[in-house]
Amino acid sequence: MRSITALFFLFCFLAPSALAQLRSGFYGRSCPRAETIVANVVANRFRRDRSITAALLRMQFHDCFVRGCDASLLIDPRPGRPSEKSTGPNASVRGYEIIDEAKRQLEAACPRTVSCADIVTLATRDSVALAGGPRYSVPTGRRDGLRSSPNDVNLPGPTIPVAASINLFAAQGMNTNDMVTLIGGGHSVGIAHCSLFQDRLADPAMDRSLNARLRNTCRAPNDPSVFLDQRTPFIVDNAIYGEIRRQRAILRIDQNLGLDRSTRGIVSSFASSNTLFRQRFAQAMVKMGTIRVLTGRSGEIRRNCRVFNNGR
């Protein structure tokens, strides 16, 4: 815990501009129970469904990598006015009802005070800890965006080359280590439908026993899904990196991380040390949560996370 806290403060020092108006305990006076309310909502749902960690990690990533962490992903499409939710990459994002419930309780306790963008960040943080991942502090004070358009969505697919993924992360101010950490960490509790890894099933380098098992599963109708981490599918840990080293990664992007000279050393380091992975994952999650945030008087504090305040 001390090492993760130290990494957080180190990051604050290294990137002051991104965190200039974000701070831990932002709601200490305006809504003292804000983080407790979100944590309770997430814990109640986690007791019934441990897969929410994967859902919330994906939600935060898909939100932050489009227009920054501004909750633009949460806006519902309307007739004649599509939103980010309307696009293919976001069609399977889920967990919105968790954010809705947290927002409902927060509006009752502290009307128009806590942003939807902060709820997503806090809920994801809490779900990671519940899934055995690191506990870390996140700065708050984000505000919600005023735009949500499918034209802005350009998210990486499961077969993206490593070099292209590095460039995509770099465009968001994230480095190669961040990329390997967030992709592997997110996939440590994720699932994938068979249609997304047919290329891997045709790869002769894939572990034969895993390949046979996956082929058998994928013969079933309705595009079945499988865990991306076959060892500890509900725990945020380093197990998936060991699977990558053994040619047992299910998605092409995961396997390529273990083969590309720019990333394979990071994969090996994480595979050898869960402590290192936990430290880096906490740091990378905090860093991702500061991508192009709106603060101060920018944006708004939505009353309903699915709709802009002006109703448009």
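A few points on the structure. (Residues numbered from 1 in each chain as written. Predicted model: local features only at pLDDT ≥ 70, side-chain atom pairs only at ≥ 80, totals over all residues. Heavy atoms only, no water.)

### Details of the state of the cysteines
Should the sulfur atoms of two cysteines be covalently bonded, the bond is a disulfide.
Turning to step 1, where the next piece is worked out: For the structure on display, the rule yields four disulfides.
Turning to step 2, where the next piece is worked out: A sulfur-sulfur separation of 2.1 Å characterises the disulfide bridge that pairs Cys 31 with Cys 110. Disulfide Cys 31 to Cys 110: torsion about the S-S bond roughly 75 degrees, handedness right-handed. In this pair, Cys 31 sits in the loop between helix 1 (2-14) and helix 2 (34-48) while Cys 110 sits in the loop between helix 4 (96-109) and helix 5 (116-130), placing the two residues 79 residues apart along the sequence. Across the pair, Cys 110 and Cys 31 agree in class, each one buried.
Turning to step 3, where the next piece is worked out: Covalent S-S linkage joins Cys 194 and Cys 218, the inter-sulfur distance amounting to 2.0 Å. Here the S-S torsion is close to -85 degrees, and the disulfide linking Cys 194 with Cys 218 is therefore left-handed. One end of the pair, Cys 194, is in the loop between strand 1 (191-193) and helix 8 (198-201); the other, Cys 218, is in helix 9 (residues 208-218), with 24 residues separating them in the sequence. (Disulfide = S-S within 2.5 Å. Helix = DSSP H or I, 4+ residues; strand = E, 2+ residues; numbered from the N terminus. Buried < 20%, exposed > 50% of the residue type's maximum accessible area, 1.4 Å probe, protein only.)

### Some points on the nonpolar core
Turning to step 1, where the next piece is worked out: Within the largest apolar cluster, 86 residues are counted, with the highest numbers of intra-cluster contacts made by Phe 65 and Phe 197.
Turning to step 2, where the next piece is worked out: When residues in this core are grouped by element, the largest group, nine residues, is from helix 3 (residues 52-67).
Turning to step 3, where the next piece is worked out: Two domains share this core, each providing at least three of its residues, namely domain 1 (33-152) and domain 2 (162-287).
Turning to step 4, where the next piece is worked out: Look past the residues within four positions of Phe 197 in its chain and what remains in contact with it is Ala 192, Leu 214, Cys 218, Val 226, Ile 250 and Leu 251. (Core = buried A, V, L, I, M, F, W, Y, C linked by side-chain atoms within 4.5 Å. Domains from an automatic or database assignment. Contact = heavy atoms within 4.5 Å.)

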